[in-house]
Amino acid sequence: MINKRRKTIINGFTIIEILVVIAVISIVGVIIAEIFFNTLRGSNKSSLITKIKQNGQTSLEVMDKAIRNADNVVCISFNGDVLTIELGGIYTRYSIQRPPASNSFLAQDHPISFDSTTCDPSTVSLSKPINITDTTQIKVDIPNYDRLFTRNKSPGFKDVVSISFQIAPGVEVSNSISSQIDPIPFATSIGLR
């Protein structure tokens, strides 16, 4: 009789033993999943910050080159959202575009003509506006009470254009990642040659 009892204990598991094993495996699984998702979230956050910085620097470089080589600053709109420069009779306009329910972005186009007194941004353009910044995961914004473009015109000196904007995660980015990233400011001052 002793042999039969030993045989059943060795060959089988009790329900309590099975439940304990399932609970331990579940806890280990949850811990591993949490580590995995935190790693992914951190990776996504890092790549988004890199993308924001690259877009900001590229935008500043594009505008810097064009403004520095321009013949003159034709006008800056009243609210500072639009800058129009002229080089060799060709106008180049930089503006912030704010499409509804989408990410705002910086754009460049070449207007045919415009009202220089109002710097009207709704004039006909020679080209379709080119996005200077990526529109998929980032959005461009202007800090509160600031202007995208300002011009300092001192007598006897060429114009100096100041650019100030910030880039933040766009509307497509998950809230868990975008809430961890503060908008990154970009600013520069460019003197015409």
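Residues numbered from 1 in each chain as written. Predicted model: local features only at pLDDT ≥ 70, side-chain atom pairs only at ≥ 80, totals over all residues. Heavy atoms only, no water.

(A) Examining the pairing of strand E2 (residues 82-87) more closely. The buried fraction of E2 amounts to 5 of the 6 residues, a majority that puts the element mostly inside the structure. Counted between consecutive antiparallel strands, the loop separating strand E1 (residues 72-76) from E2 contains 5 residues, among which Gly 80 sits at a positive phi close to 80°. Looking at chain direction, E2 and strand E3 (residues 90-97) are connected through 6 bridges and run antiparallel. Opposite Glu 86, over in E3, you have Tyr 91 as the bridge partner. (Buried < 20%, exposed > 50% of the residue type's maximum accessible area, 1.4 Å probe, protein only. Helix = DSSP H or I, 4+ residues; strand = E, 2+ residues; numbered from the N terminus. Pairing = 2+ DSSP bridges.)

(B) Fine view of the packing of aromatic side chains. Throughout the structure, instances matching the rule amount to 2 aromatic pairs. Pairing Phe 165 with Phe 186 gives two aromatic rings, centres 5.6 Å apart and planes at 25°, and the pair type is stacked. Of the two residues, Phe 165 sits in strand E8 (residues 160-169) while Phe 186 sits in strand E9 (residues 184-191), which places them 21 residues apart along the sequence. With respect to class, Phe 165 is no different from Phe 186; both count as buried. (Phe/Tyr/Trp six-rings, centres within 6.5 Å; stacked < 30°, edge-to-face > 60°.)

(C) The arrangement of helix H2 (residues 15-69) in detail. With 55 residues, H2 should reach 81 Å at 1.5 Å per residue; the first-to-last C-alpha distance of 81 Å fits that figure. Every buried residue of H2 is accounted for by Leu 48, Ile 52, Asn 55, Gly 56, Ser 59, Leu 60, Met 63 and Ile 67. (Expected span 1.5 Å × (residues − 1).)

(D) Region of interest: the pairing of E3. A loop of 2 residues connects E2 with E3, the two strands running antiparallel in sequence, and Gly 88 in this loop sits at a positive phi of about 60°. In terms of strand pairing, E3 meets strand E4 (residues 105-109) through 5 bridges, oriented antiparallel. Bridging from a neighbouring strand, Tyr 94 pairs with Gln 108 of E4.

(E) Broad picture of the nonpolar core. Within the largest apolar cluster, 30 residues are counted, with the highest numbers of intra-cluster contacts made by Met 63, Ile 67, Leu 83, Phe 149, Ile 163 and Phe 165. Put simply, the parts of the chain that give this core at least two residues each are H2, E1, E2, E3, strand E6 (138-141), E8 and E9. Sort the elements by how many residues they give to this core and H2 lands first, with 5 residues. In this structure, Ile 163 is in contact with Leu 60, Met 63, Ile 67, Leu 148, Phe 149, Phe 186, Ala 187, Thr 188 and Ile 190, ignoring residues within four places of it in sequence. (Core = buried A, V, L, I, M, F, W, Y, C linked by side-chain atoms within 4.5 Å. Contact = heavy atoms within 4.5 Å.)

(F) Geometry of the pattern of salt bridges. Following the criterion strictly, the structure yields 5 salt bridges and no others. Here Asp 64 ties to Arg 68 by a salt bridge, and the two come within 2.8 Å at their closest N and O atoms. Of this pair, Asp 64 and Arg 68 are both found in helix H2, 4 residues apart, which corresponds to roughly one turn of the helix. Here Asp 159 ties to Arg 151 by a salt bridge, and the two come within 3.4 Å at their closest N and O atoms. By relative accessible area, Arg 151 is classed as partly exposed at 34%. (Salt bridge = Lys/Arg side-chain N within 4 Å of Asp/Glu carboxyl O.)

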